[in-house]
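Survey of secondary and tertiary structure
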Amino acid sequence: MSWFEKLIPSRIRTEATQKGTVPEGVWTKCPSCSSVLYRAELERNMDVCPKCNHHMRIGARMRLNHFLDAEERLEIGQNLHPVDALKFRDSKKYKDRISIAQKKTGESDALIVIKGSVEGVPVVAAAFEFAFMGGSMGSVVGARFLKAVEMCIVENIPLVCFSASGGARMQEALFSLMQMAKTSAALNKLAKRGLPYISVLTDPTMGGVSASFAMLGDIHVAEPKALIGFAGPRVIEQTVRETLPEGFQRSEFLQEHGAIDLIVDRRDMRNRIASLLAIMTHRAAQ
Amino acid sequence: MNPNFLDFEQPIAELEAKIEELRYVGDDAEININEEIGDLQGKCKTLTESIFSKLEPWQISQLARHPLRPYTLDYIERIFTDFQELHGDRAYADDAAIVAGMARIDGKPVMVIGHQKGRDTKEKLKRNFGMPRPEGYRRALRLMKMAEKFRLPVLTFIDTPGAYPGVGAEERGQSEAIARNLFEMADLSVPVICTVIGEGGSGGALAIGVGDRVQMLQYSTYSVISPEGCASILWKSADKAPDAAEAMGITSERLKELGLIDRIIPEPLGGAHRDMDAIAASLKHALLETIEQLQAIPEERLLELRYERLCAIGNVNDVS
């Protein structure tokens, strides 16, 4: 206790809190039901709350780790890194935002692509790192997506993409908008080859990502209660000046309106997608 | 303040008002003031030239949204003959924020598709301020596929603040409608020429903006988000829109430098709205020239070139 605190009469003195005695990151509070969860157990449960089934946001590597078979993985396009061609500067320089995001996530940009297999079915899988600038799509995301599609065509194998993105990356201005056209054009090539593409929409999939490759799957799968849409709910609320319907832009709402095929629990994802891909590629049942 | 002039044009408006005044006096005055009027007109032209020679991106974005700026139907009226508007997406509704139909340009049959804004309050509401809903994009796609069937080049005119952010639009799949257009336009087997005539607002613009040639009128803009939207997200204040406009590089000149568009169509002094016939004639000339170029390319090659063009867009650093 400092000399100053000793001067304060005990009845108005605030007790020092017990904060800091528990090591960081051992416990996690579920953002949906507020249950306090043991971190290690939560990870074993693929970051799905065991109490309320809330699907928390997870990183791209972890997602691909859960999804792909352990053997024979090959990362694609990791040599492609972002550049600040426009010398974009808002309250921070884009260049600095890139290095902050890179340090924070350990990734060079927001999309990770790995060739591997799911329960023995060869596949190229891509996943968004939402923690990297909100999973925003710039030139690198577009270029890696294109590489993913090209690899599928060369190897004659299906594509699976897990989206989690706020949309286009404003700091790359019109270049980022054009990635929508580029990725959609690539998927047209993939479709011409008769190769399956499964788009998995996770929380959140919005804007330019939603309005391009995320909505161009042969099959649209969503995780429960993921926010999926074109315009953000706040923008819509301001435009129409009325409160939005319950569950608006959530997976269940999209399924009801016909935009997605399936809602799949994260813990079943690998199994369900493997089964779909096996059928689409005429492989024998497992 | 004259509402037909933007803030930065007010000095021009004042001079023009003075000229009008003199003309009025001139009718019954004994002295010959024609000379003075001529002088003032010269001055007015010089002033306009000087103001327009150093426009800021934010000023250009105001010109792109000028209330008198020619819209798609103004161009259709001046450039094409035999235009017949074709309505509806065959699934849900007809969206008045997009006009589309078959027409002839110099006798050649084409398909025309464009965003349409309204002039007065009633029409603005009818046109939903040029913000399409999914049915608008689906109608555009229906007619593009029809153009493919009947071998008609597709000419699109882009002028929208963006796709409409509304509850119904989301329910009916705004994202999917835009994505589907990008997917199909990448592989449409007829020439596609896209012209930004006013505001090129984000995904709502791109949804009819994938083609073999993308051109912009001099004072139009094209961007991933409006300067106001960008400013309120990145600067946390919509007042910073001029800074956002500058940073994003939304003008035809900047986008041409960046290699994102192919051609700039120069506008008359003071902007397209000062002389609609002149700008329509320039646009018509550019369209005819481009149609001819593209029709000379065999279909397979055309699609290859379009794909290569799309794949080449972006800046990455290969560290391998």
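Keep in mind that what you see is a predicted model, and the values were worked out from it rather than measured.

1. Quick word on the overall build of chain B
- The secondary structure content of chain B amounts to 14 helices and nine strands.
- Whereas a compact globule of 320 residues would reach a radius of gyration of roughly 20 Å, chain B reaches 21 Å, a difference of no more than 12%.
- Seen through its C-alpha atoms, chain B measures out along the principal axes to roughly 70 × 50 × 45 Å.
- In chain B, of all internal contacts separated by at least 6 residues, the share reaching a separation of at least 24 is 71%.
- Approximately 13800 Å² of chain B is accessible, and the part contributed by carbon and sulfur atoms is 50%.
- Within chain B, one finds 37 positive and 51 negative side-chain charges whose respective centroids are separated by 5 Å.

2. Brief notes about the interface of chain B and chain A
- At the interface, 47 residues of chain B touch 54 residues of chain A.
- For the pairing of chain B and chain A, the buried interface totals around 4500 Å² over both sides, and the portion due to carbon and sulfur atoms is 73%.
- Summed over the three residues of chain B that lose the most area to chain A, namely Phe183, Leu234 and Asn315 of chain B, the buried surface amounts to 15% of that side.
- Remark: the boundary between chain B and chain A carries one salt bridge.
- Among the salt bridges present, the one from Lys192 of chain A reaches Asp187 of chain B, with a minimum N-O distance of 2.1 Å.
- At the boundary of chain B and chain A, one finds 16 residue pairs in polar contact (both at pLDDT 80 or more).
- Examining the composition of the side of chain B that touches chain A, we find that nine residues originate from one element, helix α8 (residues 174-185) of chain B, more than from any other.
- The sheet contact formed by strand β4 (residues 80-82) of chain A and strand β9 (residues 316-318) of chain B spans three bridges and is antiparallel. Bridge assignment links His81 of chain A to a residue of β9 of chain B, and that residue is Asn317 of chain B.

3. Some remarks on the sheet that holds strand β6 (residues 121-128) of chain A
Residue and element names in this part refer to chain A.
- Spatially, the seven strands line up as an open sheet ordered β3-β5-β6-β7-β8-β9-β10, and their pairing is mixed. Every interior strand has two partners, whereas the edge strands, β3 (74-76) and β10 (262-263), have only one.
- Bridge analysis of strand β9 (residues 219-222) against β10 gives two bridges, and the strand direction is parallel. Residue Ala222 lies in a different strand from β10, and its bridge partner there is Ile263.

4. As for helix α11 (residues 241-248) of chain B
- Inspection of α11 of chain B places Ala241, Ala244, Ala245, Ala247 and Met248 of chain B among the buried residues, and these make up the whole buried set. Axial view of α11 of chain B: buried residues confined to an arc of 170 degrees, hence all on one face.
- Contacts made by the buried residues of α11 of chain B are with α6 (173-192) of chain A together with α3 (57-64), β7 (221-223) and α10 (227-235) of chain B.
- In the segment just after α11 of chain B, Gly249 of chain B is the residue with positive phi, at about 65 degrees.

5. Description of helix α3 (residues 60-67) of chain A
Residue and element names in this part refer to chain A.
- Along α3, the residues that are buried comprise Ala60, Arg63, Leu64 and Phe67. For α3, the angular spread of buried residues about the axis comes to 95 degrees, placing them on one side.
- Buried residues along α3 sit in contact with β5 (111-118), β6, β7 (159-165), β8 (197-205) and α10 (269-280).

6. Section: the environment of Lys284 of chain B
Residues and elements named next belong to chain B.
- Position of Lys284 relative to the elements: it lies in helix α13 (residues 276-295).
- The exposure class assigned to Lys284 is partly exposed, which follows from its relative accessible area of 23%.
- Taking C-alpha positions, Lys284 is 38 Å from Tyr24, a pair spaced 260 residues apart along the chain.
- Aside from chain neighbours lying at most four places away, what touches Lys284 is Ile79, Ile105 and Asp106.

7. Details of the packing of aromatic side chains
Residue and element names in this part refer to chain A.
- This model, assessed by the stated rule, comprises 10 aromatic pairs over all chains.
- Taking the centre distance of 5.9 Å and the plane angle of 10 degrees together, the rings of Phe128 and Phe213 count as stacked. In this pair, Phe128 is assigned in strand β6 and Phe213 in the loop between α7 (207-210) and β9, connecting sequence segments 85 residues apart. By the burial criterion, Phe128 is buried, and Phe213 matches it.
- Members of the aromatic cluster, each reached through a chain of ring pairs, are Phe128, Phe145, Tyr197 and Phe213.

8. Section: the confidence of the model for chain B
- Counting all residues, the mean pLDDT for chain B is 94, and 98% of those residues have values of 70 or more.
- The ipTM value of the predicted complex is 0.94, and its pTM value is 0.93.

9. Describing the pairing of β6 of chain A
Residues and elements named next belong to chain A.
- Summarising burial for β6: seven of the eight residues are buried, a large majority.
- Bridge count for β5 against β6 is eight bridges, and the pairing is antiparallel. Following the sheet pairing, Ile114 is matched in β6 by Ala125.
- In textbook terms, the turn of a hairpin is the stretch between consecutive antiparallel strands, and for β5 and β6 this stretch comprises two residues, one of which, Glu119, has a positive phi near 45 degrees.
- Sheet analysis places β6 next to β7, joined by four bridges and oriented parallel. The residue bridging Ala125 from the neighbouring strand is Val160, located in β7.
- On the question of chirality, the crossover connecting β6 to the parallel β7 by way of helix α5 (residues 139-155) is right-handed.

Reading the values: the criteria
Residues numbered from 1 in each chain as written. Chains lettered and ligands numbered in written order. Predicted model: local features only at pLDDT ≥ 70, side-chain atom pairs only at ≥ 80, totals over all residues. Heavy atoms only, no water. Helix = DSSP H or I, 4+ residues; strand = E, 2+ residues; numbered from the N terminus. Rg over C-alpha atoms; globule rule 2.2 N^0.38 Å. Contact = heavy atoms within 4.5 Å. Areas by Shrake-Rupley, 256 points an atom, 1.4 Å probe, with all protein chains shown as cover. Lys, Arg positive; Asp, Glu negative; His and termini not counted. Charge placed at Lys NZ, Arg CZ, Asp CG, Glu CD. Buried area = accessible area lost by both parts, 1.4 Å probe. Salt bridge = Lys/Arg side-chain N within 4 Å of Asp/Glu carboxyl O. Polar contact = N/O pair within 3.5 Å; in protein donor to acceptor, adjacent residues only side chain to side chain. Pairing = 2+ DSSP bridges. Buried < 20%, exposed > 50% of the residue type's maximum accessible area, 1.4 Å probe, protein only. Arc of directions from axis to C-beta. Phe/Tyr/Trp six-rings, centres within 6.5 Å; stacked < 30°, edge-to-face > 60°. pLDDT = per-residue confidence, 0-100. Right-handed = clockwise from strand over helix to strand, strands pointing away.

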